[in-house]
Amino acid sequence: MNQLLQCKNMSKYYSKIPILQNISFHMRSGEHFTIVGPSGCGKTTLLRCLAGLEAISEGEICLKQKSIVNLKPEERSVVLMFQDSLLFPHLTVIENVTYGLKRRKWKKKERVRKAEQMLEKVKLLQLKNAFPHELSGGQKQRVSLARALVLKPDLLLLDEPFSSLDAALRESLRGEVKELLTEENITSLFITHDRDEAIEMGDRLAVMNNGTFIQIGEPYEVVTNPSSIESAKIIGEGLALEEGFIPLHKVTAVPMEQKPSEKDYVFVQGKVKAVTVKNNIPCYRVTFDQGSILVAADRKLEAGQNVLLFAKREDMKKYKKQDEQWRRVQ
Amino acid sequence: MNGQSGFLNNKKRVITHLLPALAVTMLLVGYGLWSAIAQSFQTIEGEWTFASYVQLFNSHTFFHSLKLTFRVAILSTLLALMIGLIMTRMLYQFFKNSSSKILVWIPILIPHFVAGYLVYLFFSQSGLFSSLFYQLGLLDQRSDFPILVQEEFGIGMILTYVWKEVPFVILMLLPVYYEIDHRYGEVVRTLGGNKWDAFKTVEFPWLLPVIVETSVILVAFIASAFEIPYLLGVTRPEMLPVRAYEWFYDGDWSKRPLAFSAMILPGVLALLLAMLCIGAVQQHRLRMVKGRGR
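Residues numbered from 1 in each chain as written. Chains lettered and ligands numbered in written order. Predicted model: local features only at pLDDT ≥ 70, side-chain atom pairs only at ≥ 80, totals over all residues.

(A) Structural detail: the overall build of chain A. The helix and strand inventory of chain A stands at nine helices and 17 strands. Taken along its principal axes, the extent of the C-alpha atoms in chain A is 75 × 45 × 35 Å. Each of the 330 residues in chain A was classed as buried or not, and the buried ones make up 41%. (Helix = DSSP H or I, 4+ residues; strand = E, 2+ residues; numbered from the N terminus. Buried ≥ 20, exposed ≤ 12 C-beta atoms within 10 Å, placed from the backbone.)

The following block contains the structure:
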């Protein structure tokens, strides 16, 4: 099976309020697993439980077939990278990167050599003697990554590490980080609330809502074929309706008065909230009863205009039945 | 241009508003300080001389007093810092949403003289503890109780200062603990460090500048305070402020320059100490402030 991490029926309660409910999943060695979900759904708590910073209330966590539930954070071969870089401000870049190796009693010469190699990989060797306040936000996150990777942990947990960076930097770092993780053969669990980031970073993707996984699968499958309306709203790229999901490329917006006459179409009333450009194509942010969608149109639309979102009924994908969905998630 | 002239106007206005307070401070404190320095370099007849300093450096009494003064000041400061740090570390979460921290600060409200008297009342051979132990049968006689006040080492004085200054240390350290981003401690743990590593790497570097500043304040204060050594000290050796007081109020006026120079020397030492320590931690503090968080 080559399973590195196994979580079985993991639950976490704060004052009897469930934060994580009956979570079960596994990760293969070298796999990049992404969890996406809205703020407050329990993503960070899940990572903290895996890192040992929070005790779980029920269930089992096995790393390399051994239970780690009762191990302290420092005894687990698991490193957590936070939203902020959290470099120690009084230590230089090289001292930050060697910090974990020093705790593991590596000889100074060896740990400096190893840290320099890692800094070379994140393209920051020339800044090894700089202090954190002399670095930019992106450089700090790179050092933070180097500090985690140099330890070669069995599992690297990344808690929205790019959320404090600007959009352009975030996009360029994503690719770099995934490449480096693959190169170093690091098994990683990445959480985010950004769907693009979730799709790009993961070999497999889990959708989380209210403390539980509601769908697990390959990113393309999850995005184009969400298993429930909740999953569709969180990750689906398209029109999430009660009766099913319509992929975005099948949806068009037209002015209200130009309603097509075909009876095999699905129509949803909406209103253009904003006009934007995506991939050099004019797009419209249309809000409707159950959410909003960024959609293209054959004709020019204007902000404030009432429109119809429509697609062929045959393009609608029905959600899976609850029991089938649950079986797939497990 | 407008902004520039506005700024200058503001600056002038600030100086004008501060002038009365500055004038009073400069006149009273500044004049007093200058007068003390001048008199330490003069004979009682007003001739300029280094005689009092030469006499001090040749005086065993002075060095015994200096030794006792800094022993009491440094030991009291170290103990107050250690106890204050441990208490802050243990209680800061509890104090966050609790008015019970007022209890810890009660000793701050009590004057030093009263604190000294309380220590005398509790810890002297005729005090409450010796009576209690005697009544419990732990002592055959009350005089078997160890001599903790009015003895040569200065235990009574140290006890008083520690009791009085621990709340001050807590008062200084508590805001720092609330300022520390405790995720750093979690970073240490996930990188393989234990709780002690987390303290060394995260808490201590944040506390260091405040610990240094608090130490300087405490050493300077204890080394120049009069009431506690006067109440709880012994006749010989006495703390420097007591020695200086005796020289000043002695019938022999020719010893007054000695009194001034005996207080100016530890003052200068404390000033040098302050400049050295604060200068040394300033860069560290800047790094901590600029480099924290993101």
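(B) Just the overall build of chain B, in detail. Each helix and strand in chain B was counted, giving 12 helices and zero strands. Taken from the N to the C terminus, the helices and strands of chain B come in the order α-α-α-α-α-α-α-α-α-α-α-α. Overall, the C-alpha framework of chain B stretches about 75 × 65 × 35 Å when taken along its three principal axes. In chain B, which comprises 294 residues, the share counted as buried stands at 31%. Long-range contacts, defined as pairs at least 24 residues apart, comprise 71% of the intrachain contacts of chain B with a sequence gap of at least 6. (Contact = placed C-beta atoms within 7 Å.)

(C) Seen up close, the domain arrangement of chain B. All names here are of chain B. Considered domain by domain, chain B is made up of domain 1 (1–40) and domain 2 (51–112 + 143–291). A separation of 30 Å is found between the C-alpha centroids of domain 1 and domain 2. Facing the four residues of domain 1 at the interface are six residues of domain 2. Partitioned by chemical class, the residues of the side of domain 1 that touches domain 2 number two nonpolar, two polar and no charged. (Domains from an automatic or database assignment. Nonpolar A, V, L, I, M, F, W, Y, C, P; charged D, E, K, R; others polar.)

(D) Spotlight on the environment of B:Gln42. Residue and element names in this part refer to chain B. Tracing the backbone through its elements, the reader meets Gln42 in the loop between helix H1 (2–40) and helix H2 (51–57). Judged by the 17 C-beta atoms lying within 10 Å of it, Gln42 falls in the partly exposed class. Along the backbone, Gln42 and Leu174 are 132 residues apart, and their C-alpha atoms lie at a distance of 46 Å. Excluding residues within four positions of it along the chain, Gln42 makes contact with Glu47, Trp48, Thr49 and Pro257.

(E) Examining the interface of chain B and chain A more closely. Listed by partner, the interface residues are 21 residues for chain B and 26 residues for chain A. The set of elements that each furnish at least two residues to the side of chain B that touches chain A consists of helix H8 (183–190), helix H9 (195–224) and helix H12 (256–291) of chain B. Among the elements that take part in the side of chain B that touches chain A, H8(B) stands out by supplying six residues, more than any other.

(F) Spatial organisation of the nonpolar core. One finds A:Val79, A:Met81, A:Val97, A:Ala146, A:Leu157, A:Val207 and B:Ala262 to be the most contacted residues of the largest nonpolar core, which totals 119 residues. Among the elements that line this core, the one with the most residues is helix H7 (residues 155–179) of chain B, at 10 residues. Excluding anything up to four places from it in sequence, A:Val207 contacts A:Val36, A:Gly37, A:Phe213, A:Ile214, A:Gln215, A:Val222, A:Ser231, A:Ile234 and A:Ile235. If you look at the next biggest cluster of nonpolar residues, it comprises 21 residues, including A:Leu241, A:Val295, A:Leu301 and A:Tyr319. (Core = buried A, V, L, I, M, F, W, Y, C linked by C-beta atoms within 7 Å.)

(G) Expanded view of the sheet that holds strand S8 (residues 187–192) of chain A. Residue and element names in this part refer to chain A. Read across the sheet, six strands follow the order S6-S7-S8-S3-S9-S10 without closing on themselves; strand pairing throughout is mixed. Among the strands making up the open sheet, the edge pair consists of strand S6 (78–81) and strand S10 (212–217). With direction set aside, neighbouring strand axes in the sheet form an average angle of 20°. Two strands pair when backbone bridges link them, and strand S7 (residues 155–159) and S8 are joined in this way by five bridges, in the parallel orientation. Looking at S8, one finds that Leu158 is bridged to Phe190. (Pairing = 2+ DSSP bridges. Axes fitted to C-alpha atoms, helices over the stretch in contact; angles between N-to-C directions.)

(H) Quick peek at unusual backbone geometry. Although it is not a glycine, A:Asn210 sits at a positive phi angle of roughly 50°. Mapped onto the fold, A:Asn210 is located in the loop between strand S9 (204–209) and S10. Among the residues examined, A:Asn210 registers 15 C-beta atoms within 10 Å and is labelled partly exposed. A positive phi is found at B:Gln150, a non-glycine position, where the angle reads about 50°. Tracing the sequence through the fold places B:Gln150 in the loop between helix H6 (128–135) and H7. We classify B:Gln150 as partly exposed; it has 17 C-beta atoms within 10 Å.

(I) Examining helix H1 (residues 43–51) of chain A more closely. Residues and elements named next belong to chain A. Among the nine residues in H1, eight count as buried, and that is most of the element. Those residues of H1 that fall on the buried side of the exposure criterion are Lys43, Thr44, Leu46, Leu47, Arg48, Cys49, Leu50 and Ala51. With its phi angle positive at about 90°, Gly52 sits one or two positions after the end of H1.

(J) Structural detail: the sheet that holds strand S16 (residues 291–295) of chain A. All names here are of chain A. Strand order in the open sheet made by the five strands is S13-S17-S14-S15-S16, with antiparallel pairing throughout. Only two strands of the sheet have a single partner each, and these edge strands are strand S13 (252–255) and S16. Strand after strand, the sheet turns through a mean of 45° between neighbouring axes, direction not considered. Inspection of the sheet shows strand S14 (residues 265–278) paired to strand S15 (residues 281–288) by eight bridges, in the antiparallel sense. From the neighbouring strand, Gly270 faces S15, where its bridge partner is Phe288.

(K) Inspection of the packing of H7(B) against H9(B) at higher detail. Residues and elements named next belong to chain B. Interhelical geometry of H7 versus H9 gives an angle of 150° and a closest axis separation of 10 Å. When the axis of H7 is compared with that of H9, the two are roughly antiparallel. In the crossing of H7 with H9, the sense of the turn from one axis to the other is right-handed. Contacts between H7 and H9 involve Tyr161, Glu165, Val169, Met172, Leu173 and Val176 from the first element and Trp206, Leu207, Val210, Thr214, Leu218 and Ile222 from the second. Here the contact of H7 with H9 is composed, by residue class, of 10 nonpolar, one polar and one charged. (Parallel < 35°, antiparallel > 145°, perpendicular 65-115°, else oblique. Left-handed = near helix turned anticlockwise from the far one by under 90°.)

(L) Examining the domain arrangement of chain A more closely. Domain boundaries assigned for chain A yield domain 1 (3–224) and domain 2 (239–315). One C-alpha centre belongs to domain 1 of chain A, the other to domain 2 of chain A; they are set 38 Å apart.

(M) Summary view of the packing of helix H11 (residues 240–249) of chain B against H12(B). Residue and element names in this part refer to chain B. Between H11 and H12, the shortest axis-to-axis distance is 7 Å and the interhelical angle comes to 160°. Taken together, H11 and H12 sit at an angle that is classed as roughly antiparallel. Considering how the two elements wind past one another, H11 and H12 form a crossing that is left-handed. On H12, the residues that touch Leu240, Pro241, Arg243, Ala244, Trp247 and Phe248 of H11 are Arg256, Leu258, Ala259, Ala262, Met263 and Pro266. Among the residues making up the contact of H11 with H12, the classes are represented as 10 nonpolar, no polar and two charged.

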